[in-house]
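Structural features, examined
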Amino acid sequence: MIGATTSGELRAHNRVRLLRAVHDCGATRTRSQLTRDLNLARGTASVLVAGLAEHELLHEAPAREHGRGRPTQVPGPHPRGPLALAVDVREDAWELAACELGGRTTVLGLQPHDGTPEGVLGPLGDAVAAHRRRLGHRVVGVGVALAGPVRHGGLVDIAHLGWRSVDVPRLLGTEAPIVGNDTAFAALAEARRGRLQGVRVGLHLHVDFDLGGVLVVEGRPLGGASGTGAEFGHMPLTGGDRTCPCGATGCWSMDVGANALLRHVGLAYGGGRGRVQAEEVLAGSEEAVAANARALGRGIAALVNAHDPEVVTLSGHGVELYGRAREALMESCVPGLMAIRREHPPRIEGSALGWRGALLGAMESVFDAFLTPEGLERWRENHPDQGRDTPERRNVTHSTLNGAKPL
Ligand SMILES: [Zn+2]
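Notes on the structure follow. (Residues numbered from 1 in each chain as written. Predicted model: local features only at pLDDT ≥ 70, side-chain atom pairs only at ≥ 80, totals over all residues. Heavy atoms only, no water.)

What to know about the overall build of the protein chain
This is how it is decided: Elements are defined by DSSP. Helices are runs of H or I of four residues or more, strands are runs of E of two residues or more, and each kind is numbered from the N terminus. Radius of gyration: C-alpha atoms only; globule rule: 2.2 Å multiplied by the number of residues to the exponent 0.38. When accessible area is computed with a 1.4 Å probe and restricted to protein chains, residues below 20% of their type maximum are described as buried, those above 50% as exposed, and intermediate ones as partly exposed. We call two residues contacting when some pair of their heavy atoms lies within 4.5 Å. Using a 1.4 Å probe, the Shrake-Rupley method yields the accessible areas, and only the shown protein chains count as cover for residues.
Within the protein chain, the regular secondary structure consists of 14 helices and 15 strands. The C-alpha radius of gyration of the protein chain comes to 22 Å, within 12% of the 22 Å expected for a compact globule of 407 residues. Principal-axis analysis of the C-alpha atoms gives the protein chain an extent of 65 × 50 × 40 Å. Across the 407 residues that make up the protein chain, the buried fraction comes to 52%. For the protein chain, the share of sequence-separated contacts (at least 6 apart) that also reach a separation of at least 24 residues comes to 66%. Counting every atom, the protein chain has about 18,300 Å² of accessible surface; 50% of that belongs to carbon and sulfur.

Pasting the structure below:
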């Protein structure tokens, strides 16, 4: 039934299932709940948990609330257990975090950059290498989110910054990083721990300096043949005629996001600059916000007509646009819907993950690669070694991200 034929293979398979279940539930379910969820015998679960604790993969702690009798145990991350290093590279700054099994995230650094491939990826690669040395064998992979299309192998274009076919793994100098598009990663996180959980067909839109969008089917963002899906922002959905830095004309993303807000009030925009000013426009200019929201609504209608999603989720500035100008958004969205869609329009919801989606999606991609029989076998071979440090919790006082504090 599972392709595991020997008892060793079965044990390896069950170890992966248990760790996956602990990770996916955010380390909140008790051992007995997990035992039931996974349809394991109680004795089998005990042996599995003991083995995983011995290998410093899991650690059990008493549940916060329990009735009489022995306290219920909740399996969670081991204090010396595996860590995913996750990076969100935005157009103006990068944020680096260490993530434990279960999804708890500690911000390790946040640094503005000059927007050039070397200026972004050189210092970032140095920071990743320093944390890898400090944390040793605990680091099981590095996931990097970038604000542009990513081809298989890590070649990245970021039109706003003038990046063409930038070889991200080479410039980072990091061993086998998992490089992905920020919108696709935000959508993956939304499917795992946000509002796309359990949704069969969803549409996720991430708004930062411009807008990205991707269809999520059965929990998986559709990546396209070469990996460069998640580019709904570069479709002519709003009738504009401006030339987009991507090379196309009339792209939807020209009308939604920080650049569009800045342009609306006559401020300089582009090149990943002006975040603070854009946030001021978002907070203070109803007209600019309404224009953004109308463009967002019109594009959503077109994509809903095409894809019939159950729910449309918004992250980044999309949450604020929807919150501040929901009426303008819907007034422009509803007339664009086909009659058959209008009867049962999809829900539109702001992300529950705030600005952390891309970072969390980068983490998920690292743990997806680790939580396999091969990944756990590598952990066992490398274990234990000298790297016994734990990440320090640093206070991030100046953040371009809302909610950059540890989860
Ligand atoms: Zn474009």
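Moving on from the model shown.
Some points on the coordination of the zinc ion
Formally: Water is absent from the atoms considered, so a metal site may look incomplete; donors are defined as N, O and S atoms within 2.8 Å of the metal, or 3.2 Å for Na, K and Ca. Only two sets of limits are used to name each site, 85 to 135 degrees for every angle of a tetrahedral four-donor site, and over 155 degrees for opposite donors with all other angles from 65 to 115 for a square planar four-donor or octahedral six-donor site, with any other site named irregular.
In the first shell of the zinc ion, the protein supplies His234 (ND1), Cys244 (SG), Cys246 (SG) and Cys251 (SG), at 1.9 to 2.3 Å from the metal. Metal-centred angles of 104 to 113° between the four donor atoms at the zinc ion mark the site as tetrahedral. In the primary structure, the donors to the zinc ion are separated according to the pattern H-x9-C-x1-C-x4-C. Residue His234 is located in the loop between strand S13 (220-221) and helix H7 (258-264), and its partner Cys244 is located in the loop between S13 and H7; the two are separated by 10 residues in the primary sequence. Among the residues examined, His234 registers a relative accessible area of 24% and is labelled partly exposed.

Quick notes on empty space enclosed by the protein
What counts, and what does not: In this analysis, the protein atoms alone were mapped onto a 1 Å grid. Cavities are point sets where a 1.4 Å probe fits without being able to get out; pockets are open sets with protein on both sides within 12 Å along at least five of seven lines; lining residues have an atom within 4 Å of a point. Grid points are joined across faces, edges and corners, and a volume is the space filled by probe spheres set on the points. Residues are grouped as follows: Ala, Val, Leu, Ile, Met, Phe, Trp, Tyr, Cys and Pro are nonpolar; Asp, Glu, Lys and Arg are charged; all remaining types, including Gly, are polar.
With the rule as written, the count across this model stands at two cavities of 30 Å³ or more. What the second largest cavity holds in volume is close to 40 Å³. Along its surface, the second largest cavity is lined by Ile300, Val304, Met330, Cys333, Leu337, Pro345, Pro346 and Ile348. The set of elements that each furnish at least two residues to the lining of the second largest cavity consists of helix H9 (286-307) and helix H11 (326-333). Looking at side-chain class alone, the lining of the second largest cavity contains eight nonpolar, no polar and no charged residues.

Observations concerning the environment of Thr30
Note that Thr30 resides in the loop between helix H1 (7-24) and helix H2 (31-37). Residues contacting Thr30, with those up to four places away along its chain left out, are Thr72, Gln73, Val74 and Pro75.

Brief notes about unusual backbone geometry
Of note in the backbone geometry, Ser165 takes a positive phi value of approximately 50° without being a glycine. Locating Ser165 in the fold gives a position in strand S9 (residues 163-167). Relative accessible area serves as the criterion here: at 37%, Ser165 is assigned to the partly exposed category. A positive phi angle is found at Asp308, which is not glycine, with a value near 55°.

Structural notes on the sheet that holds strand S4 (residues 93-100)
As a reminder of what qualifies: At least two bridges found by DSSP between two strands are what make those strands a pair. As a rule, the C-alpha atoms of each element are fitted with a line to give its axis, helices using only the stretch in contact, and angles between N-to-C directions run from 0 to 180 degrees.
Strand order in the open sheet formed by five strands is S5-S4-S3-S6-S10, with mixed pairing between adjacent strands. Every interior strand has two partners, whereas the edge strands, strand S5 (105-112) and strand S10 (178-181), have only one. Going from strand to strand, the sheet's axes swing by 20° on average, the running direction of each strand aside. Two elements, strand S6 (residues 139-146) and S10, share four bridges in a ladder whose sense is parallel.

Section: the pattern of salt bridges
Which entries qualify depends on this criterion: The term salt bridge refers to a side-chain nitrogen of Lys or Arg lying within 4 Å of a carboxyl oxygen of Asp or Glu.
Inspection of every chain in the model, using the stated rule, returns 21 salt bridges. One salt bridge in this structure joins Arg20 and Asp24, with 3.1 Å as the shortest N-O distance. Here Arg20 pairs with Asp24, and both are found in helix H1, just four residues apart, close to one helical turn. Close ionic contact of Asp255 with Arg263 constitutes a salt bridge, the shortest N to O distance being 3.4 Å. A relative accessible area of 18% places Asp255 in the buried class. Among the ionic contacts, a cluster of salt bridges with common partners joins Arg20, Asp24, Arg192, Arg193, Glu364 and Asp368.

Some words on the environment of Gly323
Relative to the helices and strands, Gly323 resides in helix H10 (residues 317-324). The spatial distance from the C-alpha of Gly323 to the C-alpha of Ala293 is 9.8 Å, given a sequence separation of 30 residues.

Topic: the layout of surface pockets
Reported here for the largest pocket is a volume of approximately 650 Å³. Of the residues forming the lining of the largest pocket, the biggest block, four residues, is contributed by strand S2 (residues 73-77). For the lining of the largest pocket, the residue count by class is 12 nonpolar, eight polar and five charged.

As for the packing of aromatic side chains
The following threshold applies: Between 30 and 60 degrees the pair is tilted, below 30 it is stacked and above 60 it is edge-to-face, where a pair is any two Phe, Tyr or Trp rings, Trp via its six-membered ring, whose centres lie within 6.5 Å. For a Lys NZ or an Arg CZ to count as sitting over a ring, it must be within 6 Å of the ring centre and within 35 degrees of the ring normal.
On inspection of all chains with the given rule, the structure shows one aromatic pair. With a centroid separation of 6.0 Å and an interplanar angle of 75°, the aromatic rings of Phe370 and Trp379 are classed as edge-to-face. Considered together, Phe370 and Trp379 belong to a single accessibility category, that of buried residues. The ring of Tyr269 is capped by Arg263, whose NZ or CZ atom sits 5.8 Å from the centre of that ring. For Arg275, the ring lying beneath its charged end belongs to Trp355, and the centroid distance is 5.8 Å.

Things to note about H1
Cut-off, in case you're wondering: Helix span is expected to be 1.5 Å times the residue number reduced by one.
Here H1 is 18 residues long and its end C-alpha atoms lie 25 Å apart, about the 26 Å a rise of 1.5 Å per residue gives. Turning to H1, its buried residues number three or more, namely Asn14, Arg15, Val16, Leu18, Leu19, Ala21, Val22 and His23. Two residues or fewer after H1 comes Gly26, characterised by a positive phi angle close to 70°.

Structural notes on the pairing of strand S3 (residues 83-89)
The buried fraction of S3 is high, at seven of seven residues. Because side chains alternate across S3, one face comprises the buried residues Leu83, Leu85, Val87 and Val89, and the other comprises Ala84, Ala86 and Asp88, equally buried. In terms of strand pairing, S3 meets S4 through seven bridges, oriented antiparallel. Its bridge partner lying in S4, Ala86 is registered against Ala97. Counted between consecutive antiparallel strands, the loop separating S3 from S4 contains three residues.

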